[in-house]
Amino acid sequence: MSGVYSSLTKAEKKVVDAVQSNPEEAVLATVTDLAERAGVGETSVIRFCRALGLNVEIQHDSQIIA
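My aim in this report is to walk through the structure given alongside it, one point at a time. Each chain carries its own residue numbering, running from 1 in the direction its sequence is written. pLDDT decides what is reported in this predicted model: residues at 70 or higher carry local features, side-chain atom pairs at 80 or more are listed and counted, and totals for whole chains, interfaces and linings draw on all residues regardless. Side-chain numbers here rest on the full set of heavy atoms in the structure, without hydrogens or water.

1. A short note on the overall build of the protein chain
Step number 1: Scanning the protein chain from terminus to terminus reveals 4 helices and 2 strands.
Step number 2: Helix and strand definitions follow DSSP, with helices as H or I runs of at least four residues and strands as E runs of at least two, each counted in order from the N terminus. Secondary structure elements of the protein chain occur, N-terminal to C-terminal, as α-α-α-α-β-β.
Step number 3: Only protein chains enter the area calculation, which uses a 1.4 Å probe; residues under 20% of their type maximum are buried, those over 50% are exposed, and those in between are partly exposed. Going through the 66 residues of the protein chain one by one, you find that 32% of them count as buried.
Step number 4: Note on contacts: a residue pair is in contact if any heavy atoms of the two residues lie within 4.5 Å. Restricting to contacts in the protein chain with at least 6 residues of sequence separation, those with at least 24 account for 39%.
Step number 5: Carbon and sulfur atoms make up 49% of the accessible area of the protein chain, which amounts to about 4,200 Å² in all. The Shrake-Rupley method, run with a 1.4 Å probe sphere, supplies the accessible areas, and residue values consider only the shown protein chains as cover.

Put into structure tokens, the structure is as follows:
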């Protein structure tokens, strides 16, 4: 993530910080959970995943499937 960090928006950087502070929980988190932990909107979490090149699919419960 460090190579991409400088190109991310302020909100996306908050997502990175939330993921890095607790990666074990972040892996299992829903979009909504991760957005709340980072203090950003769900769209920012989705944009963050796409910025990393992840092919993101969202289920009805807002869980990220990559």
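Read on for the rest.
2. Quick notes on the side chain of Thr30
Step number 1: Its place among the elements puts Thr30 in the loop between α2 (23–28) and α3 (31–38).
Step number 2: Judged by relative accessible area, which is 17%, Thr30 ranks as buried.
Step number 3: Of note is the side chain of Thr30, whose polar atom sits 3.0 Å from the backbone nitrogen of Asp33. Counted as a polar contact is a pair of N or O atoms within 3.5 Å, where, for protein atoms, one must be capable of donating a hydrogen and the other of accepting one, and residues adjacent in sequence contribute only when both atoms are in side chains.

3. A few points about α3
Step number 1: Every buried residue belonging to α3 is among Val31, Leu34, Ala35 and Ala38, and all of these are buried. Viewed along the axis of α3, the buried residues span an arc of 100°, placing them on a single side of the element.
Step number 2: Where α3 ends, the next residue or the one after it, Gly39, has phi of about 75°, a positive value. The arc under discussion is defined with respect to the helix axis, by the directions toward the C-beta atoms.

4. Some details on the pattern of salt bridges
Step number 1: Counted as salt bridges are all cases of a side-chain nitrogen of Lys or Arg within 4 Å of a carboxyl oxygen of Asp or Glu. Under the defined criterion, the tally for this structure stands at 1 salt bridge.
Step number 2: A salt bridge links Glu25 to Arg37; the nearest nitrogen and oxygen atoms lie 3.6 Å apart. Here Glu25, found in helix α2, pairs with Arg37, found in helix α3; they are 12 residues apart in sequence, far enough to count as distant.
Step number 3: For Arg37, a relative accessible area of 45% gives the class partly exposed.

5. A word on the packing of helix α1 (residues 10–21) against helix α4 (residues 42–51)
Each packed pair of helices is defined by two parameters, the angle between the axes and the distance between the axes.
Step number 1: All axes here are fitted lines through C-alpha atoms, helices being fitted over the stretch that makes contact, and every angle between N-to-C directions spans 0 to 180 degrees. Axis separation between α1 and α4 bottoms out at 9 Å; the angle between their running directions is 80°. Taken together, the axis directions place α1 and α4 in an arrangement best described as roughly perpendicular. In this structure, α1 contributes Ala11, Glu12, Val15, Val16 and Val19 to the contact, and α4 contributes Ser44, Val45, Arg47 and Phe48.
Step number 2: Only Asp, Glu, Lys and Arg are considered charged, only Ala, Val, Leu, Ile, Met, Phe, Trp, Tyr, Cys and Pro nonpolar, and every remaining residue, Gly among them, polar. Looking at side-chain class alone, the contact of α1 with α4 contains 6 nonpolar, 1 polar and 2 charged residues. Angle categories are assigned with fixed cut-offs, so that under 35 degrees is roughly parallel, over 145 is roughly antiparallel, 65 to 115 is roughly perpendicular, and the rest are oblique.

Worth remembering: the numbers are spatial, not functional.
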